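Coordinates in review
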Amino acid sequence: MDPQGNASTGLGIEADDRDYTTYDLLVDDAPLSEVIRATEIEDLCVIPATVDLSSADIELVSNEKRSFLLHDALRQTAMDEYEWDYILIDCPPSLNLLTVNAMVAAHSVLIPLQSEFFALEGVSQLMLTIREVRQAANSDLRIEGVVLTMYDRRNNLSQQVEQDARDNLGELVFRTVIPRNVRVSEAPSYALPVLNYDTNSLGARAYRALAEEIVANHQRLAA
Ligand SMILES: Nc1ncnc2c1ncn2[C@@H]1O[C@H](COP(=O)(O)OP(=O)(O)OP(=O)(O)O)[C@@H](O)[C@H]1O
Ligand SMILES: [Mg+2]
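Structure report, in brief.

Rules used throughout
- Residues numbered from 1 in each chain as written.
- Chains lettered and ligands numbered in written order.
- Predicted model: local features only at pLDDT ≥ 70, side-chain atom pairs only at ≥ 80, totals over all residues.
- Heavy atoms only, no water.
- Salt bridge = Lys/Arg side-chain N within 4 Å of Asp/Glu carboxyl O.
- Buried < 20%, exposed > 50% of the residue type's maximum accessible area, 1.4 Å probe, protein only.
- Core = buried A, V, L, I, M, F, W, Y, C linked by side-chain atoms within 4.5 Å.
- Helix = DSSP H or I, 4+ residues; strand = E, 2+ residues; numbered from the N terminus.
- Contact = heavy atoms within 4.5 Å.
- Phe/Tyr/Trp six-rings, centres within 6.5 Å; stacked < 30°, edge-to-face > 60°.
- Pairing = 2+ DSSP bridges.
- Right-handed = clockwise from strand over helix to strand, strands pointing away.
- Near = heavy atom within 4 Å.
- Polar contact = N/O pair within 3.5 Å; in protein donor to acceptor, adjacent residues only side chain to side chain.
- Areas by Shrake-Rupley, 256 points an atom, 1.4 Å probe, with all protein chains shown as cover.

Let us look at the pattern of salt bridges. As a working rule, side chains carrying opposite charge can pair if their charged atoms are close by. Under the counting rule described, the total for this entry stands at 7 salt bridges. One salt bridge in this structure joins Arg142 and Glu144, with 3.1 Å as the shortest N-O distance. Classification of Arg142 by relative accessible area gives partly exposed; the value is 29%. A salt bridge links Glu186 to Arg183, with the shortest nitrogen-to-oxygen separation between them at 2.7 Å.

This is the structure we're talking about:
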């Protein structure tokens, strides 16, 4: 759902190789089989995005179902054949119709929080939007958690942001923090997730720990 399409590029799908994209899924009701693409990674598929998506915001103003397009697309019966465990919706870095579509479609919101000074201000705005989406369209929307990223243990600011986040958001903040790690920033240029690019790097270890924490939370919720 991010017109920048970084997730597509990071998984090796070049911009000129994206015939069908999220835009077609949302605006032209393209069938899932056309938009879902395999990747080099086993069991991981992607629906690519291109800059086209940035115009959807304006094109859809007069569409009555404009906030429910992704919700409806992901719940069509053809979806049952795929048996996904998880669908991750990468969101643009702003609160707009695309982000709202993601929140209406999703079960939960995973909030990355950069360990920088103004980051917490963005979270309070996001919390308001989540509350509005709950009231208007998706009453079951959960907050999956807040994950601190780009964390530097030697930096006082990182520790301060972590302390503020834990004081203000409590249990919502994951125990796992993602360190600033050069392997994470290199991985996309090799079109690989960091887990495959350098599986023993601190970044990969942290993301694996985060995944384990999320799965454990889900098991607790289901029990
Ligand atoms: N833990 C990390 N350590 C080092 N670099 C990182 C880390 N996480 C992300 N980066 C780098 O920071 C940049 C932005 O990361 P990313 O694309 O994940 O952020 P984003 O919030 O999705 O950005 P945008 O809002 O533009 O989509 C990328 O170049 C990425 O390689
Ligand atoms: Mg992004």
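Right, let's get into the nonpolar core. The biggest cluster of nonpolar side chains holds 22 residues, and the ones touching the most others in it are Met103, Ile111, Leu113, Ile130 and Leu141. Taken together, the elements giving at least two residues each to this core come down to helix H6 (97-105), strand S3 (108-114), helix H7 (119-136), strand S4 (142-149) and helix H8 (156-169). Setting aside residues no more than four positions away along its own chain, Met103 makes contact with Leu95, Val109, Leu126, Thr129, Ile130, Val133, Asn138 and Leu141.

What follows concerns the packing of aromatic side chains. Here the distance between the centres and the angle between the planes together describe a pair of aromatic rings. For the structure on display, the rule yields 3 aromatic pairs. Here Phe117 and Phe118 contribute two aromatic rings whose centre-to-centre distance is 5.1 Å and whose plane-to-plane angle is 70°, an arrangement assigned as edge-to-face. Between the aromatic rings of Tyr190 and Tyr197, the centroid separation amounts to 4.9 Å while the plane-to-plane angle is 20°, which identifies the pairing as stacked. Taking relative accessible area as the criterion, Tyr190 reaches 54% and is therefore assigned exposed.

Where burial is concerned, most of S4 is hidden: 7 out of the 8 residues are buried. As judged from the 7 bridges shared by S3 and S4, these two strands associate in the parallel manner. Bridged to Gln114 within S4 is Thr149. Between the parallel pair S3 and S4, the chain is carried across by H7, and the sense of this crossover is right-handed.

Lining the immediate environment of ligand 1, one finds Asp2, Gln4, Pro93, Met150, Ile178, Pro179, Arg180, Asn181, Val184 and Ser185. Asp2 is positioned with one of its side-chain polar atoms (N or O) 3.3 Å from an oxygen atom of ligand 1. In this structure, a nitrogen atom belonging to ligand 1 sits 2.8 Å away from a main-chain N or O atom of Asn181. When ligand 1 sits alone it has 620 Å² of accessible area, and the protein chains cover 57% of it.

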